[in-house]
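Analysis of the macromolecular model
Now for the letters of each chain:
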Amino acid sequence: MRRVVAQGTFDLLHPGHLHYLADAKSYGDRLDVIVARAENVTHKPKPIVPDRQRLEMVNALDPVDDARLGHLEDFFVPIREIDPDVIVLGHDQHHDEETLSGMLAAEGIDCSVVRASARDPDPESEGELLSTGRIIDRICDRRC
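An account of the accompanying structure is given in this report. (Residues numbered from 1 in each chain as written. Predicted model: local features only at pLDDT ≥ 70, side-chain atom pairs only at ≥ 80, totals over all residues. Heavy atoms only, no water.)

1. A closer look at the pairing of strand E1 (residues 3-8)
Counted residue by residue, E1 has five buried out of six residues, so it is predominantly covered. As paired elements, E1 and strand E2 (residues 30-35) share six bridges and run parallel to each other. Residue pairing in the sheet places Arg3 in a bridge with Arg30 of E2. At this point the chain moves from E1, through helix H1 (residues 15-25), to the parallel E2, and the crossover so formed is right-handed. (Buried < 20%, exposed > 50% of the residue type's maximum accessible area, 1.4 Å probe, protein only. Helix = DSSP H or I, 4+ residues; strand = E, 2+ residues; numbered from the N terminus. Pairing = 2+ DSSP bridges. Right-handed = clockwise from strand over helix to strand, strands pointing away.)

In structure tokens, the structure reads:
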């Protein structure tokens, strides 16, 4: 069985998240997802939706076989527990594939790192939102 890991914040779920997870699942037989804890998110604003609620939503998605919250102190703990064959990064995630591959090798974790494709916008959809930031911006534009 080929195990795949995807990871992210998954705040305000949208079709871009679903595309990422479906694309990640295509790399193997089982998809495990690591949902970032709010306190570990440092590269963008903290999530709006609480950790456990984001976890519950990700676990409910069809491509996902299992989801868990990330470790508070050591990024590699859930990776070691899952023992994936491949880690699939989101098309717009800030991680660098080569840097992550080097970090994994230094930790003795043998798996490949690939990047998921971007979802093509639906030409039938007016103003399709494929980013949590864009969803928040639209809410602020329309409600603030």
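Alright, that's what it looks like, and here's the rest.
2. Overview of helix H2 (residues 51-59)
Those residues of H2 lying buried are Asp51, Arg54, Leu55 and Val58. Taken down its axis, H2 places every buried residue within 100° of arc, on the same side. Exposed and oriented more than 90 degrees from the buried face of H2 are Arg52 and Glu56. Those residues of H2 hidden inside the fold are in contact with H1, E2 and strand E3 (66-69). (Arc of directions from axis to C-beta. Contact = heavy atoms within 4.5 Å.)

3. Section: the pattern of salt bridges
By the definition in use, this model includes nine salt bridges. With its nearest N and O atoms 3.1 Å apart, the salt bridge here joins Arg30 to Asp32. By relative accessible area, Arg30 is classed as partly exposed at 23%. In this structure Asp32 comes out as buried when scored by relative accessible area, which is 0%. Glu97 is paired through a salt bridge with Arg115; the nearest N and O atoms lie 3.1 Å apart. Of this pair, Glu97 sits in helix H4 (residues 97-106) while Arg115 sits in strand E5 (residues 112-115), and the two are 18 residues apart along the sequence. Residues joined in a network through salt bridges with shared partners are Arg3, Arg30 and Asp32. (Salt bridge = Lys/Arg side-chain N within 4 Å of Asp/Glu carboxyl O.)

4. Description of the side chain of Arg54
Considering the arrangement of structural elements, one finds Arg54 in helix H2. Since its relative accessible area comes to 1%, Arg54 is described here as buried. Engagement of the side chain of Arg54 in a polar contact is seen with the backbone oxygen of Thr9, the distance being 2.6 Å. A polar atom in the side chain of Arg54 sits 2.9 Å from the backbone oxygen of Ala36. Not counting residues up to four positions away in its chain, the partners in contact with Arg54 are Thr9, Phe10, Asp11, Val35, Ala36, Arg37, Ala38, Pro47 and Val49. (Polar contact = N/O pair within 3.5 Å; in protein donor to acceptor, adjacent residues only side chain to side chain.)

5. Here's the deal with the environment of Leu104
With respect to the secondary-structure elements, Leu104 resides in helix H4. A C-alpha to C-alpha distance of 8.1 Å links Leu104 and Phe76, two positions 28 residues apart in sequence. Each residue touching Leu104, except ones within four places of it in the same chain, is listed here: Phe76, Ile79, Ile87, Ile109, Cys111 and Val113.

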